[in-house]
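Listed here are the chains, written in short residue letters.
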Amino acid sequence: MPDGMRTETTAMSAAPHTLTATEGTALVRAGKMSALEWLDDCLARTRAVNGPVHAWQYLDEEQARAGARTLDRRDWAGWTPEPLLAGLPLGVKDVFNTEDMPTAMGSDLWHGFTPGNDARVVSRARLLGALMMGKTVTAEFATHAPGLTTNPHSADHIAGTSSTGSAAAVLCGMAPAALGTQTAGSIIRPSSYLGVVGFKPSFGTVPRTGVLKTADTLDTIGWITRSVADARLLLDALRVHGKNYPNVERGLSRIAAKRNGNRPWRVGLALPPTWDHAAPYAREALTAYANDLTRRHNGIEVVEMDVRAPFAEAHDLHRIIYHKQLAYYFKKELAKPDTVSPIFRAVTDDGNSITTEEYLAALKRQTALEHRLDAVMADVDVLITLSVCGEPPRWDDERGEPADSCLIWTLCGAPSMNLPLFTGPQGLPFGAQLVAPRYGDYTLLELAEILFPGTVPVFTPAEAPVSA
């Protein structure tokens, strides 16, 4: 659960690895902490707790320190553009191109591959003063076969899907923030299972150049943090800006104008097609929380919304689009079938069985689904629903991971966020998911800061050999 927001004085006295991105960058810009001090404490924390967690795919301490020393020679006051991310040690999911680090994409086929350039979002982060600390573990090609990362709360339970390394690094204080991607639920799920803040912006607001491509109409870049304020900081820093992006700028302005700050917030308690898959304790926790919002927060109205019918086709639709595009983009890798996982072969075999006509029809239905979300949300500002179906399943649970609603909002291009609000009967976290219409990113973040104004405390795994 969150602790309170710290003052600058208390932030200065805190161990650097416990600082949020917002706190730490402010101290670096003010000359009250160096980038190297921040990084060194994060590296010490990593040495102490990463052993049982396996959050990092690539981490070179001396390379990272050299980068921090370079940053510390800069004049932050004279830096242009504004150094929003000054000194930030940033974890980078291992599907982003990095000029000075390998990018293996969770596959032995690409082990040791160095692309020789930065993904555009990585380049933007560097421009604003961030330090690429290292590459975090991902699933094979960011799909279904998991990497080595374990759940810091319990190694017997899954950690989520392909952005798990990023989520674990942030939860355990190894990095204040980390980049991830989402094609179905790969930011929201690990954020829920580990108990951190995960944010998936609207489709198209963050450039994808230089990032592993799995599905053109689904892949979205986002990030994992320990506070909503940090999620907003990264959106301000990394989204596209200016007249060259008229659809994004108009969209953000249009949705912001819809939200008149003088009227109460209208929140829809959404019951999606996967509602009945969720554990009873999870449904009860979310319903009780939503129904209590009006009492706890003056100016919030809640209305229950059964959205099972409008989005009933979403999971089948996602399968058609996703599997077809995976089969197309990974022909080279699939030419060596013994070098990919059985689950990846099964998914792409399914993709190859989908006809071009079925695929094109699905793309049209995806566009219709986005408009359907706009219609559903015509009278509310934000939806609140479960991020997943409850606590993380055990690895040995033959039933697997129950279907959740994450991919519905991904299909619709909508911004979504996990708030780590709940604990289940086994003492493990699970979250509530906020959803806004496409380009409602700042509306979503504004409400999220009301609901979750604090910070997730840094977590030490029980198996860690040293407390740091």
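The shown structure was predicted, so the numbers you read here are calculated from the model rather than taken from an experiment.

## Digging into the overall build of the chain
Looking only at helices and strands, the chain has 16 helices and 11 strands in total. Here the C-alpha radius of gyration of the chain, 21 Å, is about what a compact globule of 468 residues would show, namely 23 Å. Across the 468 residues that make up the chain, the buried fraction comes to 58%. Within the chain, contacts between residues separated by at least 24 positions form 77% of all contacts whose residues are at least 6 apart in sequence. A distance of 5 Å separates the average location of the 44 positive side-chain charges in the chain from that of its 52 negative side-chain charges.

## Examining the pairing of strand β10 (residues 416-423)
One face of the sheet, then the other: side chains in a regular strand alternate in exactly this way. Among the eight residues that make up β10, seven are buried, leaving the element largely enclosed by the rest of the structure. Two elements, strand β5 (residues 197-200) and β10, share three bridges in a ladder whose sense is antiparallel. Each residue of the ladder has a partner; that of K200, found in β10, is S416. Relative to strand β11 (residues 429-435), β10 runs antiparallel, the two being bridged by six bridges. Counted as the bridge partner of T423 is P429 from β11. Hairpin connection, β10 to β11: the antiparallel pair is bridged by five residues, and G427 has positive phi, about 80°.

## Overview of the packing of helix α2 (residues 21-29) against helix α8 (residues 228-238)
Two numbers describe how α2 lies on α8: the axes approach to 8 Å, and their chain directions differ by 60°. Considered as vectors, α2 and α8 are oriented oblique to each other. Between α2 and α8, the residues in contact are A21, T22 and T25 and A229, D230 and L233, respectively. When grouped by side-chain class, the residues that make up the contact of α2 with α8 number three nonpolar, two polar and one charged.

## Observations regarding the layout of surface pockets
Roughly 590 Å³ of internal volume is contained in the largest pocket. At five residues, the largest contribution of residues to the lining of the largest pocket is made by helix α11 (residues 314-329). Each residue belonging to the lining of the largest pocket can be placed in one class, and the counts come to 11 nonpolar, 11 polar and four charged. Here the second largest pocket defines a volume of roughly 310 Å³. Taken together, the residues that form the lining of the second largest pocket break down as seven nonpolar, five polar and five charged.

## Digging into the sheet that holds strand β7 (residues 265-271)
One open sheet holds the 11 strands; their spatial order is β1-β3-β2-β4-β6-β5-β10-β11-β9-β7-β8, and the pairing between them is mixed. The open sheet has two free edges, formed respectively by β1 (56-58) and β8 (300-306), since each of these has just one partner strand. Direction aside, neighbouring strands of the sheet carry axes that sit 30° apart on average. With respect to the sheet, helix α10 (residues 280-296) is in contact with β7, β8, β9 (382-386), β10 and β11, its orientation differing from that of β9 by roughly 150°.

## What about α11?
Helix length check: α11, at 16 residues, gives a terminal C-alpha distance of 22 Å against a target of 22 Å (1.5 Å per residue), a fit within 8%. Tucked inside the fold, the buried residues of α11 contact α12 (331-334), α13 (342-353), α14 (356-376) and α15 (406-411).

## Side note on empty space enclosed by the protein
The full count for this structure, using the stated rule, is four cavities of 30 Å³ or more. Size it by volume and the largest cavity reaches roughly 60 Å³. Taken together, the residues of the lining of the largest cavity sort by class into six nonpolar, three polar and one charged.

## A few points about the pairing of β7
The element β7 is largely enclosed, with a buried count of six among its seven residues. Alignment of β7 against β9, held across three bridges, turns out to be parallel. Across the sheet, G268 pairs through a bridge with L383, a residue of β9.

## A few points about the pattern of salt bridges
By the definition in use, this model includes 24 salt bridges. The residue R126 makes a salt bridge to D100 at a minimum N-O spacing of 3.1 Å. Of the two residues, R126 is situated in helix α5 (residues 120-127) and D100 in the loop between β2 (89-93) and α5; the sequence distance between them amounts to 26 residues. Residue D100 is classed as partly exposed on the basis of its relative accessible area, which comes to 37%. Here D350 and R319 are joined by a salt bridge, their closest N and O atoms 2.7 Å apart. With a gap of 31 residues between them, D350 in helix α13 and R319 in helix α11 connect regions that are remote in the sequence. On the basis of relative accessibility, which here comes to 22%, the residue D350 falls in the partly exposed class.

## Looking at the environment of R438
When you line up the elements, R438 lands in the loop between β11 and α16 (441-451). Taking the C-alpha atoms as reference, R438 lies 28 Å from V347; in sequence the two are 91 residues apart. Dropping the residues within four chain positions of it, R438 is found in contact with S202, F203, R254, I255, E370, D374, C412, G413, A414 and P415.

## A look at the environment of D276
With respect to the element layout, D276 can be found in the loop between β7 and α10. Counting along the chain gives 127 residues from D276 to A403, while the straight-line C-alpha distance between them is 9.9 Å. Here D276 is in contact with R283 and R308, once residues within four sequence places are set aside. A polar atom in the side chain of D276 sits 3.4 Å from the side chain of R308.

## Re the side chain of T138
Position of T138 among the secondary structure elements: in the loop between β3 (131-136) and α6 (164-171). Polar side-chain contacts of T138 include one of 2.9 Å to the backbone oxygen of S162. If near-sequence neighbours (up to four positions away) are discounted, T138 is found in contact with K93, D94, V95, M105, G106, G147 and S162.

Reading the values: rules and limits
- Residues numbered from 1 in each chain as written.
- Predicted model: local features only at pLDDT ≥ 70, side-chain atom pairs only at ≥ 80, totals over all residues.
- Heavy atoms only, no water.
- Helix = DSSP H or I, 4+ residues; strand = E, 2+ residues; numbered from the N terminus.
- Rg over C-alpha atoms; globule rule 2.2 N^0.38 Å.
- Buried < 20%, exposed > 50% of the residue type's maximum accessible area, 1.4 Å probe, protein only.
- Contact = heavy atoms within 4.5 Å.
- Lys, Arg positive; Asp, Glu negative; His and termini not counted.
- Charge placed at Lys NZ, Arg CZ, Asp CG, Glu CD.
- Pairing = 2+ DSSP bridges.
- Axes fitted to C-alpha atoms, helices over the stretch in contact; angles between N-to-C directions.
- Parallel < 35°, antiparallel > 145°, perpendicular 65-115°, else oblique.
- Nonpolar A, V, L, I, M, F, W, Y, C, P; charged D, E, K, R; others polar.
- 1 Å grid on protein atoms, 1.4 Å probe; cavity = no way out; pocket = protein on both sides within 12 Å on 5 of 7 lines; lining within 4 Å.
- Points joined across faces, edges and corners; volume = space filled by probe spheres on them.
- Expected span 1.5 Å × (residues − 1).
- Salt bridge = Lys/Arg side-chain N within 4 Å of Asp/Glu carboxyl O.
- Polar contact = N/O pair within 3.5 Å; in protein donor to acceptor, adjacent residues only side chain to side chain.

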